[in-house]
Amino acid sequence: MNGAQSLVKTLLAQGVDMCFANPGTSEMHFLAALNNPAMRSVLCLFEGVATGAADGWFRMTDTPASTLLHLGPGLANGLANVHNARKAGSGMVNVVGDHASNHLKYDAPLASDLDGLARPYSHWLRRADGPHTIATDVARATTAARKGRIATLILPGDASWGEAGDPPDCPIETPVFHAPKPGRVDAVAKIFKNPEGPILVILGGRACRGEGLQLAGKLAAATGCRLATQFFSGRIERGAGRTPLERIPYFVAPALEFLKEFRHIVTVETGEPVAFFSYPDSPSLLKPESCDVHGLAEKDEDGAAGLDMLLDALGARTVAPKRQERVETPVPSGKLDPQTIALALAAALPENAIVVDESLTTGRNAAGFTLGAAPHDMLQNMGGSIGFSTPVATGAALARPDRRVISMTGDGSAMYTIQSLWTQARENLNVTTIIFANRAYQILKAEYANMGFPELGPRAAAMMEIDRPTLDFVALAKGMGVPGLKVASAEAFFRALQKSCAEPGPMLIEVCL
Ligand SMILES: Cc1ncc(C[n+]2csc(CCOP(=O)(O)OP(=O)(O)O)c2C)c(N)n1
């Protein structure tokens, strides 16, 4: 058994059976080892698709995927979506091939400071010493990744092709998220007993779904506190029957307005709300000065356990949770605008869809319209690096082939990682890609004004308009094997959505705005 075979065998033994790959010469032994039928390998035509797909996979399985990346440049191409995954707490095991150790000193064309590139983005980083230690390296990497961390294993050619012997048995270590200390819970319970004003509980991480969400629903029902998320969340379970969560607005002025009434903010697996960007004469922290922030559970703690302890302290464990009613949305008609788009989505959303949201200006304020839609999961970009939706949708669809994935993206964002469509066609994935084609980096125009510029000069405007030449997304999709439709009215959008959900496989809808 060589090092690469030992690596694949250990990944499988550790429960990692998916590899998003973009290989090169230094990974040929790894490729050969991927012939193991237990390991599913999926070719991505850009490393940012591979790392984004690994993010989507983790969000829907709570288990890491591996990626196969080619030396420093391959990793560099994938880093933007590693950044997004890191912010969302999505673990992955990046295996990055490198030159054999004795070749590095010659500074061959693809040699670079690979360790230096990987370090700031990796919670766990190791360069394999040799074939014999690869199995234990992989077991440690997967342990870190299962906890939602970025693990990067650099695999020099000689470690890959050298004799490794049988890999040792490395038991799977189940990740442990500790409950918060009782003293912290007691302090929060005191506030609920004597609040001196309204309380907002902000949920993040794993607390936005499953048990955590339900316990938060009990807390809201028992105490009348409001429940919210930050503007972006990794994965929220929402829709009819789920505990509804409000959303703190994106821009500073409406966020200040939203938060101004609260005397206390209690955070669960997240921090206090901060502005996405800083602006001249505008605050970075969004809560009012008179508001106190209390951390019930930190990001790497068990928020559900904290909420359960809090409910116990308040004697409210048996209260029925607050739940969202089903809202039947009539099919909208007429012009396409953010509201009719959101209504069409709410009307067409199938049960248990996975919505990946990079809709930017088109969908920014639309989330409220889908609160009462059929139950679904919502995945959002927590790292702000665009080119997120199409790869994450690809990974989510591979993770949950039984569910329809609705990937919503602005036309500018779509162009970063559009080749995800090719992987979706090749793997016949149930993804509906919706492109909001407003032919501009629209959000940046608003940000330009927010920075205080009264007028948009022609040269600055040209850097934010993507209308010349006109991007034909249906043609692009066709070229990658994905059927597509252009729509120009709310009814046509609804019908296209319905059609895409009724037929297996990928489809693209270009929403002409
Ligand atoms: C990697 C990266 N590069 C650049 C940006 C800056 N940026 C933020 S939004 C945006 C344009 C988004 O345009 P589009 O997806 O069409 O959405 P719209 O604003 O038109 O709704 C850009 C370039 C970014 N966030 N990430």
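Look up: the structure comes first, before these words.
So, how was this worked out
- Residues numbered from 1 in each chain as written.
- Predicted model: local features only at pLDDT ≥ 70, side-chain atom pairs only at ≥ 80, totals over all residues.
- Heavy atoms only, no water.
- Axes fitted to C-alpha atoms, helices over the stretch in contact; angles between N-to-C directions.
- Helix = DSSP H or I, 4+ residues; strand = E, 2+ residues; numbered from the N terminus.
- Parallel < 35°, antiparallel > 145°, perpendicular 65-115°, else oblique.
- Left-handed = near helix turned anticlockwise from the far one by under 90°.
- Contact = heavy atoms within 4.5 Å.
- 1 Å grid on protein atoms, 1.4 Å probe; cavity = no way out; pocket = protein on both sides within 12 Å on 5 of 7 lines; lining within 4 Å.
- Points joined across faces, edges and corners; volume = space filled by probe spheres on them.
- Nonpolar A, V, L, I, M, F, W, Y, C, P; charged D, E, K, R; others polar.
- Near = heavy atom within 4 Å.
- Polar contact = N/O pair within 3.5 Å; in protein donor to acceptor, adjacent residues only side chain to side chain.
- Areas by Shrake-Rupley, 256 points an atom, 1.4 Å probe, with all protein chains shown as cover.
- Sits in = over half its atoms within 2 Å of the grid points.

**Student:** An account of the packing of helix α3 (residues 47-61) against helix α4 (residues 71-88) is needed here, citing residue identities and associated values.
**Tutor:** Look at α3 against α4: their axes get within 6 Å of each other, and the N-to-C directions meet at 25°. Here α3 is positioned roughly parallel relative to α4, judged by the angle of their axes. Handedness of the α3/α4 crossing: right-handed. Counted together, E47, G48, T51, G52, D55 and R59 of α3 and G74, N77, G78, N81, V82, N84, A85 and A88 of α4 form the full contact between these two elements.

**Student:** Provide a residue-level description of the layout of surface pockets, including the pertinent values.
**Tutor:** Quantified by volume, the largest pocket comes out at close to 1200 Å³. Elements that contribute at least two residues to the lining of the largest pocket include exactly α3 and α4. Residues that form the lining of the largest pocket fall into these classes: 17 nonpolar, 12 polar and 14 charged. Sorting the residues of the lining of the second largest pocket by element identifies β13 (353-358), α13 (360-363), α15 (411-414) and α17 (442-450) as the ones contributing at least two each.

**Student:** Explain the packing of helix α12 (residues 338-348) against helix α20 (residues 490-502) residue by residue, including any values.
**Tutor:** The angle between the axes and the distance between the axes are what describe a pair of packed helices. Between α12 and α20, the least distance of the axes is 9 Å, while the angle of their chain directions is 30°. Comparing the axis directions of α12 and α20 gives the class roughly parallel. For the pair α12 and α20, the crossing hand works out as right-handed. On α20, the residues touching T340, I341, A344, L345, A347 and A348 of α12 are A490, F493, F494 and L497. Partitioned by chemical class, the residues of the contact of α12 with α20 number nine nonpolar, one polar and no charged.

**Student:** How would you summarise the site of the ligand if you had to cite specific residues and measurements?
**Tutor:** Taken together, 16 residues form the shell around the ligand, and within it T361, D411, G412, S413 and I443 come nearest. One of the backbone N or O atoms of G384 is found 2.8 Å from a nitrogen atom in the ligand. Against a free-state accessible area of 590 Å², the protein chains account for coverage of 78% of the ligand. Given that more than half its atoms are within 2 Å of the pocket grid, the ligand belongs to the second largest pocket. Those elements giving two or more residues to the shell around the ligand turn out to be α13, α15 and α17.

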